[in-house]
Each structure stands twice: as structure tokens, then as C-alpha cells.
Amino acid sequence: MEIRIFETEAGVDKAAADYVAARITEKKGFVLGLPTGGTPEGMYAKLVDKVNKGELSFKGITTFNLDEYAGYKGDEPQAYLRFMKEHLFDHVDIEEGAYNVPNMSGDTTEKEATYGYENKIAGKGGIDLMVLGMGGNGHIGFNEPGTPFGLGVHRVELTEKTRQDNSRFFASIDDVPTAAITMGIRSIMNCRSLIMIVKGSAKAKVLAQALSGPVTEDIPASVLQLHPQAIIFADKEAASCL
Ligand code: PGA
């Protein structure tokens, strides 16, 4: 595993955007996996800049997001599809239908939402590059500590802690959905390459445990130690315990 450390958050954003931009032009029909959250916002802004300057195009690229709240159509203020439109898809030349976010709303069954998503990824030949953030407890996607490493795309009941963490985006905790659809650790490990972006001192200790401690389901991000092509992009605060 390679670890790249940068002085500032802006340095991480630029390096991650440069890396993604270089990778997605490396072959026709590149398949990119994407996260939501505060962490990737700066990287998305820099990718949008590159497209505006004519340095980058998303034509021919397919994307798959990591997760979405169960029951969400995608236009709710807190929906991850809406986040992605606001931060990336509406501002770049990605083709209609080329971006995918899990969806279990309306009549969609759990099976369609999970196996269907898994099959769609497989139908595109798998994910070439997955971009990840990491939660303060080492979670990746909605894979909380204790999630079996063997799971593919699945429905997860959100823990009280995660609902509380996410309640800052909602009027009250009662409005936070109780379940989500997420790529599992197996789906993430099946990606041909991946990068994980980590910022801030609050994540320093868990990042050190994830990268240099034992590989354990208690710290989901620790599984990345077993991936043959994983790069960590961290600012110096997040890397301070390494
Ligand atoms: P954050 O979340 O980017 O908002 O810190 C990361 C995550 O929970 O995956």
C-alpha cells in the first residue's frame, strides 16, 4: 500500500483530482467508483475546474456510487444522488445514464437494489478505480465496524451512532433514515485499484490503526492493507499518528 501525505487539505484535493483525472483518461470506457461526504467535496470542485478549462472530459466514463439511503428516490435534500449532482454530475459532461447510485425506493425490491446493482457493475466489467473516504470509526461506505468482509452490495440497518453523526444534515434525528444500500467490503476489494482520502486530526488515530494495525472487521478500512493497488491520500493532520 502506498501512502501520500500532503501539507494541507487543498494539497490532498489537488493531488486526488490530478490522480483521478489522469486515470480516467487511461482507457476507453473507464469505470469509476465514487463516495459522498465532506471529504471528497474539494476533489470534486477541482475535477469540475478541469472540465471547465477543457482539460478533462467525463464522456464515455461510467460511475458507480458507494451508497444511498434506503427509500430515497434521489431528489431528497440529503440524498447522495442529489449530492453527486450538486458537486459533480450537473457540472461535467458525463452522459445521461452513465452515473449510477444505489436505489431502493418505490417498487424496487431489496434484491433488485442489491444484486441488480452488483450485476450492473459486473456488466460494465467491474470498477477500475474506486475513490473512498473513511469515517471516524474506520467505516468505508456504510460498512460499520463488525461488518463481515465477505458482503457484496447489501442493505444495512444504520447504527444509532451513524444516525446521530448524520443527523446534522436533517431537521431532527427522527428524520434520518434507518437503513441504506451500500457496496460491501467484497465489492470494494473487487475494484481493480482504489484510493482513500483522509483529512483531519480527528481521524489520525483510526487511520494509524487501519494502516498499521491488524486487518480486522472491527476497523473496516484495515482491509485495504490486503488490496494490491491501494493508495492513501492524507493531509498531515490525518497522518500524524502514522
Ligand atoms: P466525511 O465522511 O467525509 O463526511 O468525513 C466520511 C465517511 O463517513 O465515509
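Structure shown above.
These remarks concern the structure in this document.

Regarding the nonpolar core
Residues Leu 132, Ile 140, Met 183, Met 196 and Leu 207 are the most contacted members of the largest nonpolar core, which totals 36 residues. Only helix H4 (110-123), strand E6 (129-133), strand E8 (179-182), helix H6 (185-189), strand E9 (194-198), helix H7 (204-212) and strand E10 (230-235) provide two or more residues apiece to this core. Here the element with the most residues in this core is H7; it accounts for four residues. The contact partners of Leu 207, leaving out residues within four places of it in the chain, are Met 134, Met 196, Val 198, Ile 232, Ala 234, Ala 238 and Leu 242.

A short note on the environment of His 91
Counting through the fold element by element, His 91 comes out in the loop between helix H3 (80-87) and strand E5 (99-100). Considered as a pair, His 91 and Ala 45 are 46 residues apart in the sequence and their alpha carbons are 9.4 Å apart. Setting aside its immediate chain neighbours within four residues, His 91 contacts Val 48, Val 51, Asn 52, Lys 85 and Glu 86.

Some thoughts on the packing of helix H1 (residues 9-24) against helix H2 (residues 41-52)
Viewed as axis vectors pointing N to C, H1 and H2 meet at an angle of 50°, and their least axial separation amounts to 8 Å. By the criterion of interaxial angle, the relationship of H1 to H2 is oblique. Regarding H1 and H2, the two cross each other, and that crossing is right-handed. Across from Ala 10, Asp 13, Lys 14, Ala 16, Ala 17, Asp 18, Val 20 and Ala 21 in H1, the residues of H2 making contact are Gly 42, Met 43, Lys 46, Leu 47 and Lys 50. Partitioning the contact of H1 with H2 into residue classes produces seven nonpolar, one polar and five charged.

Concerning H4
Its 14 residues give H4 an end-to-end C-alpha distance of 19 Å, which sits within 8% of 20 Å, the value for a rise of 1.5 Å per residue. Of the residues making up H4, those classed as buried are Ala 113, Thr 114, Tyr 117, Glu 118 and Ile 121. In this fold, the buried residues of H4 make contact with strand E3 (62-65), E5, strand E7 (154-157), E8 and H6. Immediately beyond the C-terminal end of H4, within one or two residues, lies Gly 125, with a positive phi of roughly 90°.

Things to note about the pairing of E8
Burial along E8 is two-sided: Ala 179 and Ile 181 facing one way and Ala 180 and Thr 182 facing the other are all buried. Bridging between strand E4 (residues 67-69) and E8 involves three bridges; their strand directions are antiparallel. Counterpart to Asp 67 in the pairing with E8 is Thr 182. Pairing of E7 with E8, which is carried by four bridges, proceeds in the antiparallel orientation. Along E8, the bridge assignment pairs His 154 with Thr 182.

Examining H1
Spanning 16 residues, H1 covers 22 Å between terminal C-alpha atoms, matching the ideal 22 Å at 1.5 Å per step. Next to the buried residues of H1 lie strand E1 (2-6), strand E2 (31-34), H2, E6, E9 and E10.

Looking at the sheet that holds E5
Hydrogen bonds between backbone groups are what pair the strands of a sheet, and the pairing can be parallel or antiparallel. Taken together, the seven strands give an open sheet; going across it, the order is E1-E10-E9-E6-E2-E3-E5, and neighbouring strands pair in parallel fashion. The open sheet terminates on both sides in strands that have one partner only, identified here as E1 and E5. Examined bridge by bridge, E9 and E10 share five bridges and lie parallel to one another. Across the sheet, the residue bridging to Ile 195 is Ile 231, located in E10. Its contacts with the sheet place H1 against E1, E2, E6, E9 and E10, and it is angled at close to 155° to E10.

The rules behind the values
- Residues numbered from 1 in each chain as written.
- Predicted model: local features only at pLDDT ≥ 70, side-chain atom pairs only at ≥ 80, totals over all residues.
- Heavy atoms only, no water.
- Core = buried A, V, L, I, M, F, W, Y, C linked by side-chain atoms within 4.5 Å.
- Buried < 20%, exposed > 50% of the residue type's maximum accessible area, 1.4 Å probe, protein only.
- Helix = DSSP H or I, 4+ residues; strand = E, 2+ residues; numbered from the N terminus.
- Contact = heavy atoms within 4.5 Å.
- Axes fitted to C-alpha atoms, helices over the stretch in contact; angles between N-to-C directions.
- Parallel < 35°, antiparallel > 145°, perpendicular 65-115°, else oblique.
- Left-handed = near helix turned anticlockwise from the far one by under 90°.
- Nonpolar A, V, L, I, M, F, W, Y, C, P; charged D, E, K, R; others polar.
- Expected span 1.5 Å × (residues − 1).
- Pairing = 2+ DSSP bridges.

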